[in-house]
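Listed below are the residues making up each chain.
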Amino acid sequence: MPLKTKSLAIHEDWTVVLLGFLIIGLSLFVFLLSVPVFKWSNSADLIDNVLNYQNLQIILSQFAFLTTIGGLGAFLTGKSVKNFLLGFPAVYLLTVIALIIAGNGQIKALNLEAVIFSLILGLFIGNFFKLPEWFRLTLSTELFVKIGLVLLGTSIIFSDILKAGSLGLLQALVVVLSVWYFAFWLCKKLKVDDELTMMISSAVSICGVSAAIATSGAIKGDPKKLAYVISMVLITAVPMMIFMPYIANYFNFPQEVTGAWLGGSIDTTGAVVASGSLVGEEALKISTIVKFSQNVLLGLAAFAISVYWTYTQNTSSDVVASKPTLAVIWERFPKFVIGFVAASLLFSFFLTSEMREEVKDSLKNLQGIWFALAFTSIGLETNFKDLFSHSNRKPLYAFLIAQLFNIIITLIIAFFLFGQ
């Protein structure tokens, strides 16, 4: 059944900005969507906390809200609204199942994020069941990812940068710049393709999953390559979270140094908190500050990467490669970044702290669900061979070597700044 589409009414990036701010506006001035509960530790908890009538109502309300926003996105970008409405319930159901799995106490202790289960479930269904072509064509991976990124901007508050502390900010800046450049140089030496190079460099140096997603959006990267990088981030985060605290304890590193090392090296925030807790209260505090300092650089990094990418990528094969004009840069520039920055500016300078606190949990939940929906969609449209049997092993080697460099250079910087 072929999918008929109209000519685009609005560019997808501008649609994402519109939808992102529609969600923000509704949350601030109309109604606040309740946050579903997915936390459980045993079957009794699952039934009483997650599958109770009230929580199921919240999940259904969230489904109606997301369906409306997604359907509007399909309409504005010229896709079939009918087919979106037919296919989206299956994507949402798989995503909710992934969130329930990730909400289990034992799973949470491993700090495995919901997106990895969204991806796994999507891969399982997409590879073992034949999906209709119309369904595959209605999967809105980029739309979901970019809406989540605009909402991510609401959590980047400029005043929080000052609270992170001067040493934490200094370490974050030095680590991000040095590790990013090393990873970029290494990927080029190993002849890793440009998209993977940018995503690997950002994921290793900044903040793992969020950085990879933001970079993919900024360069309009292949979702399958994004899934490949995210898989490497999540797989390496667990052993780093477990072994690095023991290494620090064995060599009697000061807690301040250990915290700075953990916060600057481990890619996911949850894993940083868990590993810092294994060392002590001071290590937990410093690791959180350093990781947060790296997180707040995400917006600046996404903007810089998008400008670099649009300036250096000349896709025309008919002319001699040359630097594109400002008009061409603007044409290629990912407009959703404007929404990301605008959301950050709005929440940093135009809203009171009380208003931010009131909507924070709801918007964070919506940000997470859009990302999870995107990874369910990636799994549904990806073949196992595309994800795990990549054309060669060089991207994996580059990621692992860059991660090792990250661990070593961050430890040196941590001793220099926090070992006094």
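All figures in this text were calculated on a predicted structure; none of them were measured in a lab.

(A) Quick look at the overall build of the chain. Broken down by element type, the chain carries 22 helices and zero strands. Relative to its 420 residues, the chain shows a buried fraction of 54%. In the chain, the proportion of contacts linking residues at least 24 apart, taken out of those at least 6 apart, comes to 81%. Carbon and sulfur atoms form 68% of the exposed surface of the chain, whose accessible area is close to 19300 Å².

(B) Structural detail: helix α11 (residues 194–207). When the terminal C-alpha atoms of α11 are compared, their 20 Å separation across 14 residues agrees well with the 20 Å that a helix rising 1.5 Å per residue should span. The buried fraction of α11 is high, at 13 of 14 residues. For α11, the side-chain oxygen to backbone nitrogen distance between the N-cap and Glu195 is 3.0 Å, and the N-cap itself is Asp193. Of the residues one or two after α11, Gly208 is the one with positive phi, at around 60 degrees.

(C) Region of interest: the packing of helix α12 (residues 209–219) against helix α17 (residues 298–312). In the contact formed by α12 and α17, the axes pass within 9 Å of each other and the chain directions differ by 30 degrees. Between α12 and α17, the angle falls in the class roughly parallel. Here α12 runs over α17; the crossing is right-handed. Where α12 approaches α17, its residues Ser210, Ala211, Ala214, Thr215, Ala218 and Ile219 are matched on the opposing element by Leu298, Ala302, Ile305, Ser306 and Trp309. Classifying every residue of the contact of α12 with α17 gives eight nonpolar, three polar and no charged.

(D) Examining the packing of aromatic side chains more closely. Counting across every chain of the model gives 18 aromatic pairs. Aromatic side chains Phe144 and Trp370 sit 5.6 Å apart centroid to centroid with 35 degrees between the ring planes, which places their arrangement in the tilted category. Remark: Trp370 occurs in helix α20 (residues 353–380) and Phe144 occurs in helix α8 (residues 141–152); sequence separation between them is 226 residues. Each of the two residues, Phe144 as well as Trp370, counts as buried.

(E) Fine view of a nonpolar patch on the surface. There is a patch of nonpolar side chains on the surface, built from Phe158, Phe303, Val307, Val341, Leu345, Phe349 and Phe350 and spanning about 650 Å² of accessible area. Contributing elements (two or more residues each) for the nonpolar patch: α17 and α19 (336–350). Per element, the largest residue contribution to the nonpolar patch is four residues, and it comes from α19. Following the sequence through the fold, Phe158 ends up in helix α9 (residues 158–163).

(F) Here's a closer look at the environment of Leu85. Within the secondary structure, Leu85 sits in helix α4 (residues 81–102). On a C-alpha basis, the gap between Leu85 and Thr138 in space is 9.2 Å, while along the polypeptide they are 53 residues apart.

(G) Structural context of unusual backbone geometry. One non-glycine residue, Lys191, lies in the positive phi region at around 60 degrees. Relative to the helices and strands, Lys191 is located in the loop between α10 (166–189) and α11. The backbone phi angle of Asn252 is positive, close to 55 degrees, even though this residue is not glycine. Structurally, Asn252 can be placed in the loop between α13 (223–250) and α14 (255–265).

(H) Main features of the packing of α10 against helix α22 (residues 394–418). Close contact between α10 and α22 brings their axes to 9 Å; oriented N to C, the two are set at 155 degrees. As judged from the angle between their axes, α10 and α22 are roughly antiparallel. Considering only the axes of α10 and α22, their crossing is right-handed. Within the contact between the two elements, α10 uses Leu167, Gly168, Leu170, Gln171, Val174, Val175, Ser178, Val179, Phe182, Ala183, Leu186 and Cys187 and α22 uses Ala398, Ile401, Ala402, Phe405, Asn406, Ile409, Thr410, Ile413, Ala414, Leu417 and Phe418.

(I) Geometry of the side chain of Ser265. With respect to the helices and strands, Ser265 occurs in helix α14. Engagement of the side chain of Ser265 in a polar contact is seen with the backbone oxygen of Trp261, the distance being 2.9 Å. Dropping the residues within four chain positions of it, Ser265 is found in contact with Met240, Met244, Gln403, Asn406, Ile407 and Thr410.

(J) Looking closely at the pattern of salt bridges. Taken as a whole and assessed by the stated rule, the structure comprises six salt bridges. For Asp194, the salt bridge goes to Lys188, with nearest N and O atoms at 2.7 Å. On the accessibility criterion, Asp194 (31% relative accessible area) is partly exposed. The shortest N-O distance in the salt bridge between Lys360 and Glu357 comes to 3.4 Å. Pair noted here: Lys360 and Glu357 are both in helix α20, with a separation of three residues, about one helical turn. Lys360 gets classed as partly exposed once you look at its relative accessible area, which sits at 42%. For Glu357, a relative accessible area of 51% corresponds to the exposed category. Put simply, Asp13, Glu142 and Lys146 are held in one network by salt bridges that share partners.

(K) Broad picture of helix α3 (residues 53–76). With 24 residues, α3 should reach 34 Å at 1.5 Å per residue; the first-to-last C-alpha distance of 35 Å fits that figure. In this structure Asn52 caps α3, since a side-chain oxygen of it lies 3.1 Å from the backbone nitrogen of Gln54. Trailing α3 by a residue or two, Gly78 shows a phi angle of about 85 degrees, which is positive.

Criteria and thresholds
- Residues numbered from 1 in each chain as written.
- Predicted model: local features only at pLDDT ≥ 70, side-chain atom pairs only at ≥ 80, totals over all residues.
- Heavy atoms only, no water.
- Helix = DSSP H or I, 4+ residues; strand = E, 2+ residues; numbered from the N terminus.
- Buried < 20%, exposed > 50% of the residue type's maximum accessible area, 1.4 Å probe, protein only.
- Contact = heavy atoms within 4.5 Å.
- Areas by Shrake-Rupley, 256 points an atom, 1.4 Å probe, with all protein chains shown as cover.
- Expected span 1.5 Å × (residues − 1).
- Polar contact = N/O pair within 3.5 Å; in protein donor to acceptor, adjacent residues only side chain to side chain.
- Axes fitted to C-alpha atoms, helices over the stretch in contact; angles between N-to-C directions.
- Parallel < 35°, antiparallel > 145°, perpendicular 65-115°, else oblique.
- Left-handed = near helix turned anticlockwise from the far one by under 90°.
- Nonpolar A, V, L, I, M, F, W, Y, C, P; charged D, E, K, R; others polar.
- Phe/Tyr/Trp six-rings, centres within 6.5 Å; stacked < 30°, edge-to-face > 60°.
- Patch = residues over 30% accessible without salt bridge, like charges linked within 9 Å, V, L, I, M, F, W, Y side chains within 5 Å.
- Salt bridge = Lys/Arg side-chain N within 4 Å of Asp/Glu carboxyl O.

No statement about biological role is implied by the geometric values presented.
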